[in-house]
Amino acid sequence: MKIILGPASRELGEKIAASTGFEAVSVASRIFPDGESYIRLESSVKNEHVAIVQTTCKPQDTNLMQLAFMINAAKRNGAKKVTAIIPYFAYARQDKIFLEGENVSIETIAAMLKAAGTDQVITVNIHAEDALNRFPFPAKTLSAIPLLAEHFVKKDHEKAFALAPDKGALYIAEQAKTVLAGESGNLEKQRDRHTGQTTQSGKHLNVKDKTVIIFDDIISTGGTIVGAAKILREQGAKHVYTACVHGLLIGDAETRILDAGVEEIVSTDSVPSKFSTVSLAPLLSEALKAL
Ligand code: R5P
């Protein structure tokens, strides 16, 4: 197997190549003055099973086009199998029709990747796993939650309360609880499908004087975490941290979260940033070695 270092995840790709011992293939990339993408594989992939590591966070459309181009370049240059490793899968939250007239974005993206030559996909904490069953190729999602929880164990936060900010993230809090060996619980979140506005509420949780870590798959504007932190403060939590797999942290999300009393924001390198203190390399390396 060879690891193709997608421009959006070059560092993560290099870590995976180093830990698996698979040869890395560099990619030359350029954005033309009109915004179009160009890519070229810089070494041979003939007769190889290749794993292309490319996240699809902002700029999503550029990163997705680069991914499709790398997949197609690999196939045209003789790769016998292409596994797309997509640490953050863009457009995954539009995984069903919520309002008449919409499309199912994630299915459109999967069709595009299929047309480019994808044989299989590995992603991490996709928003809703069900969507993968409708992909036109085998696809699986791994969970980075144990790695995030281990980060807090190493920082002496064993027994911290793992909180899911909504019901959808309950499985996440439960996975974290297994590592932290404390308690877990969840809040409720309702979204107005027309305005996108959310409201949060919480039953009584056993968090008084405790350290609480809010776990979620994605932090985008930070609104969900800010709302959860407010409820935790009202319920007497002593320390509040937050961890997510995909730290998009748009605009002033960091400031808003810290102002809400959250002491630390931790994410993985599915979206490379100053918050990505936990690398997905061990998780993805194991998955590739097992193929
Ligand atoms: C949606 O339900 C996701 O799991 C996240 O909770 C959401 O994407 C976070 O968005 P924001 O940071 O904008 O509240």
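Report follows, based on the coordinates. (Residues numbered from 1 in each chain as written. Predicted model: local features only at pLDDT ≥ 70, side-chain atom pairs only at ≥ 80, totals over all residues. Heavy atoms only, no water.)

So, the pattern of salt bridges
Okay, so step 1: As enumerated under the stated definition, the model contains 12 salt bridges in all.
Okay, so step 2: Among the ionic pairs, Lys155 bridges to Glu264, the shortest N-O distance being 3.1 Å. Note that Lys155 is positioned in the loop between helix H4 (145-154) and strand S9 (161-164) and Glu264 in the loop between helix H7 (253-259) and strand S15 (265-268), a separation of 109 residues in sequence.
Okay, so step 3: Judged by its relative accessible area of 19%, Glu264 is buried.
Okay, so step 4: Glu254 is the partner of Lys274 in a salt bridge, and the nearest nitrogen-oxygen pair spans 2.9 Å. Taken together, the positions of Lys274 in the loop between S15 and strand S16 (276-278) and Glu254 in helix H7 put the pair 20 residues apart, joining distant regions of the chain. (Salt bridge = Lys/Arg side-chain N within 4 Å of Asp/Glu carboxyl O. Helix = DSSP H or I, 4+ residues; strand = E, 2+ residues; numbered from the N terminus. Buried < 20%, exposed > 50% of the residue type's maximum accessible area, 1.4 Å probe, protein only.)

A word on the sheet that holds strand S14 (residues 239-247)
Okay, so step 1: Ordered in space as S10-S9-S13-S14-S15-S16, the six strands form an open sheet in which the pairing is parallel. Where the open sheet ends on each side, the last strands, each with one partner, are strand S10 (184-186) and S16. Neighbouring strand axes in the sheet, compared pairwise and without regard to direction, differ in orientation by 35° on average.
Okay, so step 2: Sheet topology note: the S9/strand S13 (residues 211-219) ladder contains three bridges and is parallel. In the strand pairing of S13, Ala162 is matched with Ile213.
Okay, so step 3: The strands that helix H5 (residues 170-180) touches are S9, S10 and S13; relative to S9, the one it contacts most, it runs at about 170°. (Pairing = 2+ DSSP bridges. Axes fitted to C-alpha atoms, helices over the stretch in contact; angles between N-to-C directions. Contact = heavy atoms within 4.5 Å.)

A few points about the site of the ligand
Okay, so step 1: With respect to spatial proximity, 13 residues lie near the ligand, and among them Asp216, Asp217, Ser220, Thr221 and Thr224 are the closest.
Okay, so step 2: Measuring from an oxygen atom of the ligand, one finds a side-chain N or O atom of Asp166 at 3.5 Å.
Okay, so step 3: Note that an oxygen atom of the ligand is positioned 3.1 Å from one of the side-chain N or O atoms of Lys189.
Okay, so step 4: A majority-of-atoms criterion places the ligand in the largest pocket.
Okay, so step 5: Residue assignment for the shell around the ligand shows that the elements contributing at least two residues are S13 and helix H6 (223-234).
Okay, so step 6: By residue number, the principal contributor to the shell around the ligand is S13, which donates four residues. (Near = heavy atom within 4 Å. Polar contact = N/O pair within 3.5 Å; in protein donor to acceptor, adjacent residues only side chain to side chain. 1 Å grid on protein atoms, 1.4 Å probe; cavity = no way out; pocket = protein on both sides within 12 Å on 5 of 7 lines; lining within 4 Å. Sits in = over half its atoms within 2 Å of the grid points.)

Section: a positive patch on the surface
Okay, so step 1: A contiguous patch of positive charge, built from Arg93, Lys96, Arg191 and Arg193, is present on the exposed surface.
Okay, so step 2: You can see Arg193 is positioned in the loop between strand S11 (188-191) and strand S12 (198-201). (Patch = residues over 30% accessible without salt bridge, like charges linked within 9 Å, V, L, I, M, F, W, Y side chains within 5 Å. Areas by Shrake-Rupley, 256 points an atom, 1.4 Å probe, with all protein chains shown as cover. Lys, Arg positive; Asp, Glu negative; His and termini not counted. Charge placed at Lys NZ, Arg CZ, Asp CG, Glu CD.)

What about the packing of aromatic side chains?
Okay, so step 1: One pass over the full model with this rule turns up five aromatic pairs.
Okay, so step 2: Ring plane angle 45° and centroid distance 5.7 Å describe the contact between Phe89 and Phe135, whose orientation is recorded as tilted. Taken together, the residues Phe89 in the loop between strand S6 (81-86) and helix H3 (105-116) and Phe135 in the loop between strand S7 (120-124) and strand S8 (139-142) connect sequence positions 46 residues apart. Neither Phe89 nor Phe135 differs from the other in exposure class; each is buried.
Okay, so step 3: An aromatic cluster of three or more residues is present, and its members are Phe89, Phe135 and Phe137.
Okay, so step 4: Sitting over the ring of Tyr38, Arg30 keeps its end group 5.0 Å from the ring centre. (Phe/Tyr/Trp six-rings, centres within 6.5 Å; stacked < 30°, edge-to-face > 60°. Lys NZ or Arg CZ within 6 Å of the ring centre and 35° of its normal.)

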